[in-house]
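# Residue-level structure breakdown
Here is what each chain is made of, one letter per residue.
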Amino acid sequence: MASSTVSRVRRQLPTSPWLFAAPGLLIIGAFILYPFLSTLVNAFTDRRTLIPGEFVGLANFRELLQDDMFWIGLRNSTLYVVGVVPALVILPLLLALLVQKNIPGITFFRSAFYTPVVASIVVVGLIWVWLLDERGLVNSLLETIGVGRVGFLSDQWLLLLSAMAVTVWKGLGYYMIIYLAALANVPRELHEAAAVDGAGAVRRFLTVTVPAVRSTMVLVGALSSVAAFKVFSEVYLMAGPSGGPAGEDTTLVMLVQRTGTGLSGRVGYASAISVVVFVVTVALMLLVLRADRRDET
């Protein structure tokens with residue numbers, strides 16, 4: 001009786017694997033594939049928020065080449081990658097080595113280092129704005145010791161560096177977890193053999209640890225490069241919608257938001273900028289992966 005019931009249920013269940021995959025495919029299509037294709041199509045039109053666009057070919061991309069704000073955004077996004085990625089590749093590895101040790105209270109420090117990752121970027125940004133404001137805590141301390149107040153949020157380059165610091169601080173815990181997983185697979189015998197040969201801590205780090213987690217460093221480099229080039233929240237919260245003084249701290253994603261939103265937003269032009277962001281991020285990924293393959297050969 002039981003076997004006949006089971007066989008009847010099996011006959012009633014869908015046999016095609018596509019039916020099981022359908023919910024996931026629908027979500028991907030609705031929230032990833034359709035927006036991507038829509039942006040790609042809009043990049044070749046003059047569409048606005050409330051006005052359907054007409055095909056204009058490469059006019060949006062030609063306009064980009066003459067737009068000073070586009071070049072400012074490209075410069076700032078590139079500088080962000082240069083300033084943030086090396087720190088997010090090296091510092092989380094050092095932090096992972098520090099918290100890897102099983103000493104009393106280390107669980108608390110692991111949780112503390114990971115807390116910024118789960119914190120809302122809006123809350124984190126507002127906290128740092130409060131700290132770095134002209135009348136904030138940091139400037140008050142600097143004035144107390146006689147250094148004087150520093151325009152962290154009013155100077156173009158200091159504002160960009162401050163946003164980079166926020167990005168690094170918030171991402172340390174995330175990449176630390178990735179490195180901890182990689183370090184757990186490094187054989188302890190390698191460190192012991194290097195120590196027997198007389199290698200110090202720095203020597204063991206360079207000759208044992210770094211080669212062992214090299215693939216993870218490439219992964220972290222690729223992920224952080226893409227995230228840094230697409231930065232928006234940190235700079236937006238600290239510089240404001242206008243991008244700081246004279247818009248000099250605007251990034252490409254901020255430019256997309258500013259250009260393509262509102263009742264008269266230039267959706268077509270913003271889509272063209274988005275296509276450039278996509279192409280550059282893919283290029284960054286390919287460069288990192290190619291450099292890794294070249295080093296292996």
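Residues numbered from 1 in each chain as written. Predicted model: local features only at pLDDT ≥ 70, side-chain atom pairs only at ≥ 80, totals over all residues. Heavy atoms only, no water.

What follows deals with the overall build of the protein. Along the protein, the regular secondary structure elements total 14 helices and 0 strands. Along the protein, helices (α) and strands (β) appear in the sequence α-α-α-α-α-α-α-α-α-α-α-α-α-α when read from the amino end. Here the protein has a C-alpha radius of gyration of 25 Å; the compact-globule value for 297 residues is 19 Å, and the former is much larger. Dimensions along the principal axes, computed over C-alpha positions, put the protein at roughly 90 × 70 × 45 Å. When burial is assessed residue by residue, the protein has 36% of its 297 residues classed as buried. A fraction of 67% describes how many contacts in the protein between residues 6 or more apart in sequence connect residues 24 or more apart. Surface exposure of the protein reaches about 17700 Å², of which carbon and sulfur atoms provide 68%. Side-chain charges of the protein comprise 22 positive and 18 negative groups, with the mean position of each set lying 12 Å from the other. (Helix = DSSP H or I, 4+ residues; strand = E, 2+ residues; numbered from the N terminus. Rg over C-alpha atoms; globule rule 2.2 N^0.38 Å. Buried < 20%, exposed > 50% of the residue type's maximum accessible area, 1.4 Å probe, protein only. Contact = heavy atoms within 4.5 Å. Areas by Shrake-Rupley, 256 points an atom, 1.4 Å probe, with all protein chains shown as cover. Lys, Arg positive; Asp, Glu negative; His and termini not counted. Charge placed at Lys NZ, Arg CZ, Asp CG, Glu CD.)

Below, the discussion takes up the nonpolar core. Counting 60 residues, the largest nonpolar core has Leu64, Tyr80 and Met238 as the members making the most contacts within it. Where this core is concerned, the elements lending two or more residues are helix H3 (59-65), helix H4 (68-99), helix H6 (121-132), helix H8 (156-183), helix H11 (214-229), helix H12 (233-239), helix H13 (252-260) and helix H14 (267-296). In terms of residue count, H8 provides more of this core than any other element does, 14 residues in total. Excluding its chain neighbours within four sequence positions, the residues that come into contact with leucine 64 are Phe70, Trp71, Tyr269, Ala272, Ile273 and Val276. (Core = buried A, V, L, I, M, F, W, Y, C linked by side-chain atoms within 4.5 Å.)

With that out of the way, let us pick up the side chain of threonine 45. For threonine 45, the location among the structural elements is in the loop between helix H2 (17-42) and H3. On the accessibility criterion, threonine 45 (10% relative accessible area) is buried. Sequence-distant contacts of threonine 45, defined by excluding residues within four places in its chain, comprise Gly53, Glu54, Phe55, Val56, Asn60 and Gly268.

On to the side chain of threonine 259. Structurally, the position occupied by threonine 259 is in helix H13. Residue classification places threonine 259 among the buried positions, given a relative accessible area of 15%. Side-chain polar atoms of threonine 259 contact the backbone oxygen of leucine 255, separated by 2.7 Å. Every residue in contact with threonine 259, bar those within four places of it in the chain, is listed here: Gly265, Arg266, Tyr269, Ala270 and Ile273. (Polar contact = N/O pair within 3.5 Å; in protein donor to acceptor, adjacent residues only side chain to side chain.)

A few words on the packing of H4 against H8. At a minimum axis distance of 6 Å, the contact between H4 and H8 shows a crossing angle of 40°. Accordingly, the angle class assigned to the pair H4 and H8 is oblique. For the pair H4 and H8, the sense of crossing is right-handed. (Axes fitted to C-alpha atoms, helices over the stretch in contact; angles between N-to-C directions. Parallel < 35°, antiparallel > 145°, perpendicular 65-115°, else oblique. Left-handed = near helix turned anticlockwise from the far one by under 90°.)

Bringing the packing of H6 against H8 into the picture now. Axis separation between H6 and H8 bottoms out at 11 Å; the angle between their running directions is 135°. One finds that H6 runs oblique with respect to H8. The hand of the H6/H8 crossing is right-handed. Residue-level inspection shows Ile121, Val124, Trp128 and Leu132 of H6 in contact with H8, the latter providing Ser162, Val166, Trp169 and Lys170.

A full pass over the atoms with the stated rule returns 3 salt bridges. Residue glutamate 248 pairs with arginine 75 through a salt bridge whose shortest N-O separation is 3.4 Å. With a gap of 173 residues between them, glutamate 248 in the loop between H12 and H13 and arginine 75 in helix H4 connect regions that are remote in the sequence. (Salt bridge = Lys/Arg side-chain N within 4 Å of Asp/Glu carboxyl O.)

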